[in-house]
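# Observations on chain architecture
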Amino acid sequence: MSIDPIEHPAHPGPIAKFADSLRSDTVGGFLLIGAAVLALVWINSPFGDIYESMRSFRIGPESLHLNLSLETWAADGLLAVFFFVVGNELKQEFVHGELRNPRRAMLPIVAAICGMVVPAAVYAAINFTSPETLGGWGIPMATDIAFALAILAVIGRGLPPALRTFLLTLAIVDDLGAVIVIAVFYTADINFVALGIAIVGLAVFGYLQRGRGLAAKLNSSPVPNWLVYLPLAIVIWVLMHESGVHATIAGVAMGLLMRTNKHEGEHHDPSHGMEQLLRPWSAGLALPIFAFFSAGVVFDGFGEVITDTAALGIIAGLVGGKVIGIVGGSWLTTKLTRAELNPSLKWIDLVGMSQLAGIGFTVSLLIAELSFVGAEHHLAHAKTGVLIASLIAALLSIFILGGRSRHYRRLAAEGRGPTAPSDANQGS
């Protein structure tokens, strides 16, 4: 897949300047958070019915099982673009960056696993004597990567770049784990035929990236190769959606399959080129629309919520369980194996980052709906619990990482400490 180089003219026009601003995680973070706040205010206002009607409006071909609500199109379709960008960035880290060191790559992977198991165990312990709510144990396992990265971008100026890489890796593994949990425990039927064909499509996508034989002819052809890759990507996404597996996995899988080395005549590798090309669309369009349709949760207040063990389990799992699982699992791993924490990071940095991982939101809300089918009472409290937990986790992370950011900026001003870019965006 060969992409024309991203040129930066001496006097860029307003569109080029706007696109460059959207490549900054900070700008994208403000847009996403602003869209989420707008949704929360709207859904809890007297005009909430208008928002709900818009979110549930359905569009798409029924014959392909794609007559979906706007909310689903945003969560499964637009978010796949974001996951493709994230997959590219993660691939670059594994091949050329921080994660090429197995001793450091192991730590966020183990942290992600522990950060799923411990919150689930906390929820199960609180709901052990309540069979009607015990099935929601998967709700506090998930991390909302989009919101977590957005908040880190907004508050993280001066933080070591390794912290973002740690969160990025952890969140991807967390999302993959959540998809497996949904498929195994919360999905009645998986279409293995569609899933199998989707995997074949991914294999073809990966082969075409390698540049051998037919792939080499395609990549050297004067015909724009997006005419091949774009239809193939759409087919893979449709098949993944049809299989019952969360369709965003198609995005991250294709991102991880992108080629990160340059061929003769290329100004940069395809992975970097596609990330640069799609990042403004992801940050400026896909993520804000996704946040707007996903964050509209009706707030029921604290009254009945604090007496419902489902909500209490979710809050305890996301706010406390994530920190215990991620930090505790990471610390034990460094003691029992050769895995190591990046020298530019301190354990307090990991505590703040693990609070970011307690922002469950989208996937947590999805698992809540699958857990409490027909139990509207518990479902409403569970959604409120996810909202409360995510807000608490976000505020705690802002408090901790905000202080750490000031600390690192002070060290940088004194000529000491890790060198960090002025923006949290590490992908460009």
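Residues numbered from 1 in each chain as written. Predicted model: local features only at pLDDT ≥ 70, side-chain atom pairs only at ≥ 80, totals over all residues. Heavy atoms only, no water.

This part is about the environment of R164. Its location among the elements puts R164 in helix 8 (residues 161-185). The exposure class of R164 is buried, given its relative accessible area of 7%. Sequence separation between R164 and L152 is 12 residues, and the spatial gap between their C-alpha atoms is 7.6 Å. (Helix = DSSP H or I, 4+ residues; strand = E, 2+ residues; numbered from the N terminus. Buried < 20%, exposed > 50% of the residue type's maximum accessible area, 1.4 Å probe, protein only.)

By the definition in use, this model includes 9 aromatic pairs. Their ring planes at 75 degrees and their centres at 5.3 Å tell us that Y51 and F292 sit as a pair that is edge-to-face. Highlighted residues: Y51 in helix 3 (residues 48-56) and F292 in helix 13 (residues 270-294), separated in sequence by 241 residues. Comparing Y51 with F292, the two get one shared label, buried. Residues F147 and F290 carry aromatic rings whose centres are separated by 6.3 Å and whose planes lie at 50 degrees to one another, so their mutual orientation is tilted. Placement of F147 in helix 7 (residues 145-155) and of F290 in helix 13 is noted, with a sequence separation of 143 residues between them. The same class applies to F147 and to F290, which are both buried. (Phe/Tyr/Trp six-rings, centres within 6.5 Å; stacked < 30°, edge-to-face > 60°.)

Core analysis: the largest hydrophobic core is formed by 108 residues, its most contacted members being F82 and I145. Ranked by the residues each element gives to this core, the list is headed by helix 8, at 12 residues. In this structure, I145 is in contact with F82, F83, V86, L168, A171, I172 and D175, ignoring residues within four places of it in sequence. Among the nonpolar cores identified, the runner-up in size contains 5 residues, and L66, L68, W237 and A247 belong to it. (Core = buried A, V, L, I, M, F, W, Y, C linked by side-chain atoms within 4.5 Å. Contact = heavy atoms within 4.5 Å.)

Turning our eyes to something else, we now look at the side chain of E275. Its place among the elements puts E275 in helix 13. On the basis of relative accessible area, E275 is assigned to the buried category, the value being 0%. A polar atom in the side chain of E275 sits 2.5 Å from the side chain of R279. (Polar contact = N/O pair within 3.5 Å; in protein donor to acceptor, adjacent residues only side chain to side chain.)

With 38 residues, helix 17 (residues 376-413) ought to run about 56 Å at 1.5 Å a step, and its terminal C-alpha atoms sit 54 Å apart, in line with that. Backbone geometry just after helix 17 places G415 at a positive phi near 80 degrees. (Expected span 1.5 Å × (residues − 1).)

What follows deals with the packing of helix 8 against helix 16 (residues 361-371). Remark: helix 8 packs on helix 16, axes separated minimally by 11 Å, with the N-to-C direction vectors making an angle of 10 degrees. If you check the angle between helix 8 and helix 16, you find them roughly parallel. Together, D175, A178 and I182 of helix 8 and V363, L366, I367 and L370 of helix 16 make up the contact between the two elements. Residues of the contact of helix 8 with helix 16, tallied by class, amount to 6 nonpolar, no polar and 1 charged. (Axes fitted to C-alpha atoms, helices over the stretch in contact; angles between N-to-C directions. Parallel < 35°, antiparallel > 145°, perpendicular 65-115°, else oblique. Nonpolar A, V, L, I, M, F, W, Y, C, P; charged D, E, K, R; others polar.)

Let's shift gears to the confidence of the model for the protein. A residue-level look at the protein finds 86% of positions with pLDDT of 70 or above and a mean pLDDT of 83. Predicted confidence for residues 1-8 stays below pLDDT 50, and this span has 26 contacts to residues more than four positions away or in other chains. (pLDDT = per-residue confidence, 0-100.)

This paragraph deals with empty space enclosed by the protein. This structure, assessed with the given rule, holds 4 cavities of 30 Å³ or more. Looking at the second largest cavity, its volume works out to about 160 Å³. Along the wall of the second largest cavity there are 16 residues; nearest its centre are L79, F83, D175, H246 and V363. For the lining of the second largest cavity, the secondary-structure elements that each account for two or more residues are helix 4 (70-96), helix 7, helix 8, helix 12 (248-257) and helix 16. No other element matches the 4 residues that helix 8 contributes to the lining of the second largest cavity. Residues of the lining of the second largest cavity, tallied by class, amount to 10 nonpolar, 4 polar and 2 charged. (1 Å grid on protein atoms, 1.4 Å probe; cavity = no way out; pocket = protein on both sides within 12 Å on 5 of 7 lines; lining within 4 Å. Points joined across faces, edges and corners; volume = space filled by probe spheres on them.)

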